[in-house]
Amino acid sequence: MTIAEIQTILNADFICGEEWRDHEVQTACGSDMMSDVLAFVKNQSVLLTGLVNPQVIRTAEMMDMVCVVFVRGKVPDSAMIALAQQREIALLTTPERMFTACGKLYAAGLGGGVKA
Amino acid sequence: MAALLTLHYDVPGDDFTRAGEASSDVKKKLKALGVDPEAIRKVAIAMYEGEINMVIHAHGGTVTVTVEPDHIQMVLADTGPGIPNVELAMTEGYSTAPDEVRNLGFGAGMGLPNMKKYTDDIHIDTELGVGTTVYMTVQI
């Protein structure tokens, strides 16, 4: 699946990183707890979250993720967007809630990957 | 043998939004050195958790990273309150972090356990009222 397909499936908007829309992603995870992402995630490319603070981008960076999707229509501030752009992480925002967003992507073939 | 690279950072204690800047810089420098990506990931995660801990609990501190031919050592030192019970603090889910930290996505009691999980060796020197120094090593 590509980041562009995620955008379509979730009826999402690009906040930044549209130039990476054709980037292939294999797996995703959904969490508002960054400690859990750091503890239990391995080789996931996409993070879905309802949390909006710079540590979301930092966590994605540490985990080598390429895309963060903010659920429930949340939008990060300009400092977060600048950080994501520096780190080449695409940011999307979707009106979907977390459960629905994860379910739609899973049903479309995006897996959960393996435990760290 | 002399270290391949030594890096030193001050971690500001009053700004949660800046936590992780040092880990991010280390990640970039290790990548430039051509270090194995899996080792870089381990170092980045362990050090990032350490930075977050220093900001949450100890009003910041310092990090020194030494890259040797066969391993990377991180020394995280603070002058915070110290850890009353290290064994308990290493237990997954045990946390003394305030609720506002949980609202930021941390404070779930995974910091030290994650630091142990992603490193090959961890040693903690701590004294109440004096501070804590965490030594972590990742083999490369």
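The present account deals with the structure reproduced in this document. Just so it is clear, the model here is predicted, and its values are computed rather than measured.

1. Describing the overall build of chain A
- Within chain A one finds five helices and seven strands.
- Ordered by position from N to C terminus, the α and β elements of chain A give α-β-β-α-β-β-α-β-α-β-α-β.
- Taking 2.2 N^0.38 as the reference for a compact globule, 116 residues should give roughly 13 Å; the C-alpha atoms of chain A span a radius of gyration of 12 Å, in line with that estimate.
- The principal-axis extents of the C-alpha atoms in chain A amount to approximately 35 × 30 × 25 Å.
- In chain A, once contacts between residues fewer than 6 apart in sequence are set aside, the share between residues at least 24 apart is 52%.
- Summing over all exposed atoms, chain A offers an accessible surface of approximately 4,900 Å²; the carbon and sulfur share of this is 49%.
- Distance between charge centroids for chain A: 8 Å, based on 9 positive and 13 negative side chains.

2. Points about unusual backbone geometry
- Its identity is not glycine, yet N11 of chain A carries a phi of approximately 50°, on the positive side.
- Turning to its location among the elements, N11 of chain A is positioned in the loop between α1 (3–9) and β1 (13–16).

3. Thoughts on the sheet that holds strand β6 (residues 90–93) of chain A
Residues and elements named next belong to chain A.
- Reading across from one edge, β1-β6-β5-β4-β2 is the order of the five strands in this open sheet, with mixed pairing throughout. The strands lining the two open edges of the sheet, one partner per strand, are β1 and β2 (28–30). Each strand axis lies, on average, 25° off the axis of its neighbour in the sheet, ignoring direction.
- Note: strand β5 (residues 67–70) against β6, four bridges, orientation parallel. Along β6, the bridge assignment pairs V68 with L91.
- The strands touched by helix α4 (residues 78–86) are β1, β5 and β6; relative to β1, the strand with the most contacts, the crossing angle is about 80°.
- Where helix α5 (residues 98–107) meets the sheet, it contacts β2 and β4 (46–49), and its direction lies at approximately 150° from that of β4.

4. Examining the interface of chain B and chain A
- Contacts between the two partners involve 29 residues from chain B, matched on the other side by 22 residues from chain A.
- Between chain B and chain A, roughly 2,000 Å² of surface is buried when both sides are summed, and carbon and sulfur atoms account for 54% of that area.
- Contact with chain A buries area across many residues of chain B, yet K27, R41 and Y48 of chain B alone supply 26% of it, more than any other trio.
- At the boundary of chain B with chain A, the tally comes to one salt bridge.
- K27 of chain B is the partner of D64 of chain A in a salt bridge, and the nearest nitrogen-oxygen pair spans 2.5 Å.
- At the surface where chain B touches chain A, the tally comes to 15 residue pairs in polar contact (both at pLDDT 80 or more).
- If you list the elements that add at least two residues to the side of chain B that touches chain A, you get α1 (21–33), α2 (37–58) and α5 (111–117) of chain B.
- It is α2 of chain B that contributes the most residues to the side of chain B that touches chain A, seven residues altogether.
- For the side of chain B that touches chain A, the residue count by class is 11 nonpolar, eight polar and 10 charged.

5. Comments concerning α2 of chain B
Residues and elements named next belong to chain B.
- When the terminal C-alpha atoms of α2 are compared, their 30 Å separation across 22 residues agrees well with the 32 Å that a helix rising 1.5 Å per residue should span.
- Within α2, 18 of the 22 residues are buried, which leaves it mostly tucked inside the rest of the structure.
- Just beyond α2, the residue with positive phi is H59, at close to 55°.

6. Quick look at the packing of α1 of chain B against α2 of chain B
Residues and elements named next belong to chain B.
- Running from N to C, α1 and α2 cross one another at 165°; their axes reach a closest spacing of 8 Å. In terms of orientation, α1 and α2 fall into the roughly antiparallel class. Considering only the axes of α1 and α2, their crossing is right-handed. Across from E21, A22, S23, V26, K27, L30 and K31 in α1, the residues of α2 making contact are I40, V43, A44, M47, Y48 and E51.
- Here the contact of α1 with α2 is built from residues that sort into eight nonpolar, one polar and four charged.

7. Some thoughts on the pattern of salt bridges
Residues and elements named next belong to chain A.
- Per the counting criterion, the structure on display carries nine salt bridges over all chains.
- Residue E61 is joined to R58 by a salt bridge in which the shortest nitrogen-to-oxygen separation is 3.4 Å. One end of the pair is E61 and the other is R58, both in helix α3 (residues 54–62) and three residues apart, which spans about a single turn. As far as burial versus exposure is concerned, E61 and R58 are alike and both buried.
- Through salt bridges with shared partners, a single ionic network connects R58, E61 and R87.

Criteria and cut-off values
Position numbers for residues count from 1 along each chain, tracking the sequence in the order it is written. Here the convention is simple: chains get letters from A, ligands get numbers from 1, in the order in which they are written. pLDDT decides what is reported in this predicted model: residues at 70 or higher carry local features, side-chain atom pairs at 80 or more are listed and counted, and totals for whole chains, interfaces and linings draw on all residues regardless. In computing side-chain values, all of the structure's heavy atoms are included and hydrogens and water are not. Here a strand is any run of E in DSSP of at least two residues, a helix any run of H or I of at least four, and the numbering for each starts at the N terminus. Throughout, the radius of gyration refers to the C-alpha atoms, and the reference size of a globule is 2.2 Å times the residue count to the power 0.38. Contact criterion: two residues are considered in contact whenever any of their non-hydrogen atoms come within 4.5 Å of each other. Surface exposure here means Shrake-Rupley accessible area, sampled with a 1.4 Å probe, where a residue is shielded only by the protein chains that are shown. His is not counted here, nor are the chain ends, while Lys and Arg score as positive and Asp and Glu score as negative. For charged residues, the charge sits on one atom: NZ in Lys, CZ in Arg, CG in Asp, CD in Glu. One requirement defines pairing of two strands: DSSP has to find at least two bridges between them. Every angle, taken between N-to-C directions, lies between 0 and 180 degrees, and every axis is a line fitted to C-alpha atoms, over only the stretch in contact when it is a helix. Defined in terms of a 1.4 Å probe, buried area is the accessible area two parts forfeit on being brought together, summed over both. Salt bridges are defined as contacts in which a side-chain nitrogen from Lys or Arg sits within 4 Å of a carboxyl oxygen from Asp or Glu. Here a polar contact means two N or O atoms within 3.5 Å. Within protein one must be a hydrogen donor candidate and the other an acceptor candidate, and residues neighboring in sequence count only if both atoms are side-chain atoms. Residues are grouped as follows: nonpolar covers Ala, Val, Leu, Ile, Met, Phe, Trp, Tyr, Cys and Pro; charged covers Asp, Glu, Lys and Arg; every other residue, Gly included, is treated as polar. For a helix, the expected span equals 1.5 Å multiplied by the number of residues minus one. When a residue's accessible area, from a 1.4 Å probe over protein chains only, is under 20% of the maximum for its type it is buried; when over 50% it is exposed; and in between it is partly exposed. When an angle is under 35 degrees it counts as roughly parallel; over 145 it counts as roughly antiparallel; between 65 and 115 it counts as roughly perpendicular; any other value is oblique. By the definition used in this description, the sense in which the near helix is turned from the far one sets the handedness, with an anticlockwise turn below a right angle giving left-handed and a clockwise turn giving right-handed.

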